[in-house]
Amino acid sequence: EAGVTQFPSHSVIEKGQTVTLRCDPISGHDNLYWYRRVMGKEIKFLLHFVKESKQDESGMPNNRFLAERTGGTYSTLKVQPAELEDSGVYFCASSQVSWSYEQYFGPGTRLTVT
Amino acid sequence: AQSVTQLGSHVSVSEGALVLLRCNYSSSVPPYLFWYVQYPNQGLQLLLKYTTGATLVKGINGFEAEFKKSETSFHLTKPSAHMSDAAEYFCAVSDQWSGGSNYKLTFGKGTLLTVNP
């Protein structure tokens, strides 16, 4: 069984540009989470999808961040326009409905905004 | 609001020595507790979890943790460290009463474990 995959693994962009991160959850996992770790800080929750519906966006920093999960499969997280403080590692995690608390994480996307 | 405190951002032990990584949490409701490990250039891997029942939980690679409600702690231990245990370890808490299937995690800042030969 394939794990959670994320693309790209690294992205370096300039301030003001747009970046889109992608997450493919484990097949059959309806729950999908995005988290972010800014350097030196703890990993923080961004948002939670159940299938294609956003259930909790309480961790999204501001309206420059837009997450989608079309068709309830893969998800994208777009940052537009990127700012320096957006740099960090973005993790995606997924879980089944029946064992919702057991989340499986992807390897993360390291985003650097210069 | 929930919070997690990991004492020691960096712990160094000798190979064969006891590993003890400390975690204290704050939660207004009964928590689910987790330890995750991140090896270099990899994602987070679940080491072990406490949901309900037995307070001493065993995980992968010989690790275990004990939930102590009175101390609000969930310390991670391993009797004998191996070189392959070198990684960053994260303690996390989830509110089991979040409602629905939202078990968003609140993490500690992580502890980097170094194992010396």
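A quick note: this is a predicted structure, and the numbers were derived from the prediction, not measured.

Moving on to the side chain of Asp86 of chain A. Residues and elements named next belong to chain A. Examined against the element boundaries, Asp86 turns out to sit in the loop between β8 (75–79) and β9 (88–95). Within the structure, Asp86 has its side chain in polar contact with the backbone nitrogen of Glu83 (distance 2.7 Å). The contact partners of Asp86, leaving out residues within four places of it in the chain, are Arg36, Arg64, Phe65, Val79, Pro81, Leu111 and Val113.

With that settled, the discussion passes to the side chain of Arg64 of chain A. Residue and element names in this part refer to chain A. Inspection of the secondary structure puts Arg64 in the loop between β6 (53–56) and β7 (65–68). Note on Arg64: relative accessible area 13%, which makes it buried. Apart from the residues within four sequence positions on either side, Arg64 is in contact with Lys78, Val79, Gln80, Pro81, Ala82, Glu83, Glu85 and Asp86.

We now examine the pattern of salt bridges. Residues and elements named next belong to chain A. Applying the stated criterion across every chain, the model contains 10 salt bridges over all chains. For Asp86, the salt bridge is made with Arg64, and the minimal N-O distance between the two is 2.6 Å. Taken together, the residues span a long stretch of sequence, with Asp86 in the loop between β8 and β9 and Arg64 in the loop between β6 and β7 at a distance of 22 residues. Three or more residues joined by partner-sharing salt bridges are found here, namely Arg36, Arg64 and Asp86.

All names here are of chain B. Counted according to the given criterion, the structure contains two disulfides over all chains. Disulfide pairing is shown between Cys23 and Cys91; the S-S distance is 1.9 Å. Disulfide Cys23-Cys91: the torsion about the S-S bond is -65 degrees, which places it as left-handed. Highlighted residues: Cys23 in strand β3 (residues 19–26) and Cys91 in strand β9 (residues 87–95), separated in sequence by 68 residues. Neither Cys23 nor Cys91 differs from the other in exposure class; each is buried.

Strand pairs in the sheet, formed through backbone hydrogen bonds, run parallel or antiparallel to each other. Residue and element names in this part refer to chain B. The sheet built from five strands is open, its strands ordered β1-β3-β8-β7-β6 with antiparallel pairing. At either end of the open sheet lies a strand with only one pairing partner, and these are β1 (3–7) and β6 (56–58). Averaged over all pairs of adjacent strands, the angle between strand axes in this sheet comes to 20 degrees, irrespective of strand direction. Judged from the five bridges that link them, β1 and β3 form a sheet pairing that is antiparallel. Residue Ser3 lies in a different strand from β3, and its bridge partner there is Ser26.

Scanning the model with the defined rule gives 15 aromatic pairs over all chains in all. Geometrically, the ring pair formed by Phe105 of chain A and Tyr36 of chain B is edge-to-face, given 5.2 Å between the ring centres and 75 degrees between the ring planes. Within this pair, whereas Phe105 of chain A is found in strand β10 (residues 104–105), its partner Tyr36 of chain B is found in strand β4 (residues 31–38), the two belonging to separate chains. Tyr36 of chain B shares its class with Phe105 of chain A; the two are buried. Above the ring of Tyr74 of chain A, the side-chain terminus of Arg22 of chain A is found at 3.8 Å from the ring centroid.

Parameters and conventions
Positions within a chain are numbered from 1, following the residues in the order the chain's sequence is written. Chains carry letters and ligands carry numbers; both start at the beginning, A for chains and 1 for ligands, and go up in the order they are written. Given that this is a predicted model, residues contribute local features only at a pLDDT of at least 70 and side-chain atom pairs are listed and counted only at 80 or more, while totals for whole chains, interfaces and linings are drawn from all residues. Values reported for side chains reflect all heavy atoms of the structure, with hydrogen atoms and water molecules removed beforehand. A helix here means a DSSP run of H or I that spans at least four residues, while a strand means a run of E at least two residues long, and both kinds are numbered starting from the N terminus. In protein, a polar contact requires one atom able to donate a hydrogen and another able to accept it; more generally it is a pair of N or O atoms within 3.5 Å, and residues adjacent in sequence count only if both atoms are side-chain atoms. The contact definition used throughout considers only heavy atoms, calling two residues in contact when any of these lie within 4.5 Å. A simple rule labels every residue: compare its accessible area, found with a 1.4 Å probe on the protein chains alone, to the largest value its type can have, and call it buried under 20%, exposed over 50%, or partly exposed in between. What counts as a salt bridge is simple: a side-chain nitrogen of Lys or Arg found within 4 Å of a carboxyl oxygen of Asp or Glu. Two cysteine sulfur atoms form a disulfide, by the criterion used here, when they sit within 2.5 Å. In this description, strands pair whenever DSSP reports at least two bridges between them. Axis definition: a line fitted to C-alpha atoms, over the contacting stretch in the case of helices. Angles run 0 to 180 degrees between N-to-C directions. Any pair of Phe, Tyr and Trp rings, taking the six-membered ring for Trp, is counted once the centres come within 6.5 Å. Such a pair is stacked with planes under 30 degrees apart, edge-to-face with planes over 60 apart, and tilted for the rest. The rule is short: NZ of Lys or CZ of Arg within 6 Å of the ring centre and within 35 degrees of the ring normal puts a charge over the ring.

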